[in-house]
Amino acid sequence: MLKFSVKRRPRKLKGVWTGCGSGPSERIKYLRHWVGKLIRDERIEGREDRMNETRGYAEQLISLAIQNGENHRPTMEMATKWFKEKEMTYKLFKVLVPRYENYQTSFTRIQRLPIEYPGNPYYNVVLELKGNPYPSIFPEQRDKAGLLNNILIEAAKKDFYNEHRQSQVVRDSMERDIVGLERDTLQVRMDKSGSGKVENVKTGSTDGTDVDKL
Amino acid sequence: MNTSLIKHLCTLLLRTNGELSTISKRCYQSHRIRNQTLDKHRTSPLNKQKTEDAKNDSKPVTNKDPEVPTRFLQKNPEFLPNPDWGYRDQIAEMVERNDMYRRRRNIFMPEFYVGSILAVTLADKFALGKTSRFLGLCIYRGDQGLHHKIILRNVIDNEGVEMMYELYSPLIQKIEVIKLERRLDDELFYLRDCPLEYSYFPQDMESQNIFKDMPVTTNTIKVKLNPRPWSQRWERVDLQGVEPFTGWKSEKQRLKLKRLANQPQVKKEWEKMDLMKHYRESIPPEESMRIYGEVVKDAKDWKNREERET
């Protein structure tokens, strides 16, 4: 089963190679060329619609090879028909099958390339086999926590936080000393007149301090 | 059988039919919610999804194929859905399969292939005894789900007759296999263009002794075609069960038809290589195995043998 979305109907690939004929036979010839190239180079560029078609055929070939193995005659015949070069059938069965045997995702990756204005009326695309030896298309983000600047900034952040917390602790302790009570024991009690008075929850005695005047 | 009893049974069946999924072939609706989007919303966001590459580093997937009894897939080809994605609907398929299981508990459907001789008894209110029985050679077996159908061919009063039966129709009382065998082709529509001797089987033919898991033989008979014109262009089809045709009008005609048959747009050599075409026209093995795993579980409750009338 192909583990990426495939269109319901195949693309006709109009005008595959200008001047070389058209129709389903030419389409298959074209796809044969590009599937072989993909297996050989492991990363190819081209028009989006063409590359999407080759992706399906390449993945089907690989999945058939994984399912049936090289001793299965129909798959071997299919592989020899699809590749112009004999080395590619060898690569399919000896290199790609062990690589993709335990894969749960698709074996290929496709990514649109940026448009260089004015450009073409279609998207150009990169199609690559996963696990290829080239550097990845998306650069991996380096871990920059080890840079000196970042170390100093992190230290400064920590210091600031510690200071802020220390001052809060001091303020709390000062409050306690002044008031002589723990936090959350004081409460504001509203009178009938509407003015509030600070009250000690435990003892029930008021301080006389008016909330309005605070 | 009592007429009132039959009426009662038919009304019972019709009432249950109300619950039966009447799924006709739907046209592809682009505004419909696709299964992909449905599945996305079904999975919980609480399950943290591993990154793509991390998925591949985990333990290897062991595809344990469910234990399937001998020739189960060939005996019951109707449980696989239509491979065309425009007609796929997982929930509808599941509901349809449930209805098929319910039917299977009430009637025994034997093993047969194209080329076997079957006799089907239908409930027919205008017939004597309220049933009608037709014996014939199975020339076609197709369609998926509740639409699964067969075509039986026989000769009655020197006239070739073909009857089409939908196996999951509640009107069918009984399906008997008179002779269990295979032919060299998957479809025997060429018998329409053959002498009637090849399609004649007596209606009171005695049935062969059929036991469970018996080996199925292939009848390698080679049939002779009538002189042209034919109902289909058999010269373009690679038929195994037909003798090479010799009744050409002239050598010129034969060569012309051969040339036309060998045209590239007729031969379509590229279709043998077209992997995506094969993919689009079949159910992938993982899915078919999953479906048959469910079917096999339910098959224990099906009617295994015909009940002998006392």
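Every value quoted in this text rests on a predicted model; they were computed, and no experiment measured them.

### So, unusual backbone geometry
- For the bond from Tyr117(A) to Pro118(A), the omega torsion is -5°, close enough to zero to count as cis.
- Mapping Pro118(A) onto the fold places it in the loop between strand E2 (108-112) and strand E3 (124-129).
- With an omega of 5°, the peptide bond between Arg228(B) and Pro229(B) qualifies as cis.
- You will see that Lys130(B), though not glycine, has its phi angle at about 65°, which is positive.
- Positionally, Lys130(B) belongs in the loop between strand E1 (117-123) and strand E2 (131-142).

### Some thoughts on empty space enclosed by the protein
Residues and elements named next belong to chain B.
- The final tally for this structure, using the stated rule, is one cavity of 30 Å³ or more.
- In this model, the largest cavity occupies a volume close to 40 Å³.
- Considering the residues around the largest cavity, the lining is formed by Lys75, Asn76, Glu78, Arg104, Met109, Pro110, Phe112, Arg141 and Leu167.

### Structural notes on the domain arrangement of chain B
Residue and element names in this part refer to chain B.
- Segmenting chain B into domains produces domain 1 (50-108 + 291-310) and domain 2 (117-221).
- Summing both partners gives a buried area of about 1,400 Å² for domain 1 against domain 2, and 46% of it is carried by carbon and sulfur.
- Looking at the side of domain 1 facing domain 2, the largest losses of area belong to Arg71, Glu78 and Arg103, adding up to 36% of the total buried there.
- Taken together, the links from domain 1 to domain 2 amount to one salt bridge.
- For Glu78, the salt bridge identified is with Arg141, shortest N-O distance 3.7 Å.
- Joining domain 1 to domain 2, the criterion identifies eight residue pairs in polar contact (both at pLDDT 80 or more).
- At the level of elements, helix H4 (72-75) and helix H5 (90-104) are the ones that each hand at least two residues to the side of domain 1 that touches domain 2.
- In terms of residues, the side of domain 1 that touches domain 2 owes the most to one element, H5, which gives five residues.

### As for the side chain of Lys91(A)
Residue and element names in this part refer to chain A.
- One can find Lys91 in helix H4 (residues 86-100).
- Within the structure, the side chain of Lys91 is placed 3.4 Å from the backbone oxygen of Arg40, a separation counted as a polar contact.
- Residues within four places of Lys91 in sequence aside, it is in contact with Ile39, Arg40, Glu42 and Leu96.

### Comments concerning the sheet that holds E3(A)
Residues and elements named next belong to chain A.
- Spatially, three strands are ordered E1-E3-E2 in an open sheet, and the strand pairing comes out antiparallel. Of all the strands in the sheet, just strand E1 (43-47) and E2 have a single pairing partner and so form its edges. Mean inter-strand twist for the sheet, computed between neighbouring axes without regard to direction, equals 25°.
- Both E2 and E3 contribute to a ladder of five bridges, which runs antiparallel. Its bridge partner being in E3, Arg109 is matched across the sheet by Glu128.
- On top of the sheet, helix H1 (residues 24-41) reaches E1 and E3; it is set at about 145° to E1, its chief contact.

### With respect to the interface of chain A and chain B
- Listed as interface residues are 29 residues of chain A and, on the opposing side, 26 residues of chain B.
- With both sides pooled, the region where chain A packs onto chain B buries about 2,500 Å², and carbon together with sulfur makes up 61% of that total.
- When the buried area of chain A at its contact with chain B is split by residue, Met1(A), Arg8(A) and Gln104(A) rank highest and sum to 28% of it.
- At the boundary of chain A and chain B, one finds one salt bridge.
- In this structure, Asp84(B) and Arg8(A) form a salt bridge, with 3.0 Å as the shortest nitrogen-oxygen distance.
- Put simply, chain A and chain B have seven residue pairs in polar contact (both at pLDDT 80 or more) between them.
- Of all the secondary structure elements, the ones that give two or more residues to the side of chain A that touches chain B are H1, helix H2 (48-68) and helix H3 (73-82) of chain A.
- Of the residues forming the side of chain A that touches chain B, the biggest block, six residues, is contributed by H2(A).

### Thoughts on the pattern of salt bridges
- Scanning all chains against the criterion turns up 34 salt bridges over all chains.
- Across the pair Arg40(A) and Glu85(A) runs a salt bridge, and its minimum N-O distance is 2.4 Å. Here Arg40(A) is found in helix H1, whereas its partner Glu85(A) is found in the loop between H3 and H4, with 45 residues between them in sequence.
- Look at Glu85(A) and you get partly exposed, because its relative accessible area is 35%.
- Between Glu128(A) and Arg109(A) there is a salt bridge whose closest N-O contact spans 2.8 Å. Remark: Arg109(A) occurs in strand E2 and Glu128(A) occurs in strand E3; sequence separation between them is 19 residues.
- Note on Glu128(A): relative accessible area 3%, which makes it buried.
- One network of salt bridges, with partners in common, ties together Arg88(B), Glu93(B), Arg97(B), Glu287(B), Arg290(B) and Glu294(B).

Conventions adopted
- Residues numbered from 1 in each chain as written.
- Chains lettered and ligands numbered in written order.
- Predicted model: local features only at pLDDT ≥ 70, side-chain atom pairs only at ≥ 80, totals over all residues.
- Heavy atoms only, no water.
- Helix = DSSP H or I, 4+ residues; strand = E, 2+ residues; numbered from the N terminus.
- 1 Å grid on protein atoms, 1.4 Å probe; cavity = no way out; pocket = protein on both sides within 12 Å on 5 of 7 lines; lining within 4 Å.
- Points joined across faces, edges and corners; volume = space filled by probe spheres on them.
- Domains from an automatic or database assignment.
- Buried area = accessible area lost by both parts, 1.4 Å probe.
- Salt bridge = Lys/Arg side-chain N within 4 Å of Asp/Glu carboxyl O.
- Polar contact = N/O pair within 3.5 Å; in protein donor to acceptor, adjacent residues only side chain to side chain.
- Contact = heavy atoms within 4.5 Å.
- Pairing = 2+ DSSP bridges.
- Axes fitted to C-alpha atoms, helices over the stretch in contact; angles between N-to-C directions.
- Buried < 20%, exposed > 50% of the residue type's maximum accessible area, 1.4 Å probe, protein only.

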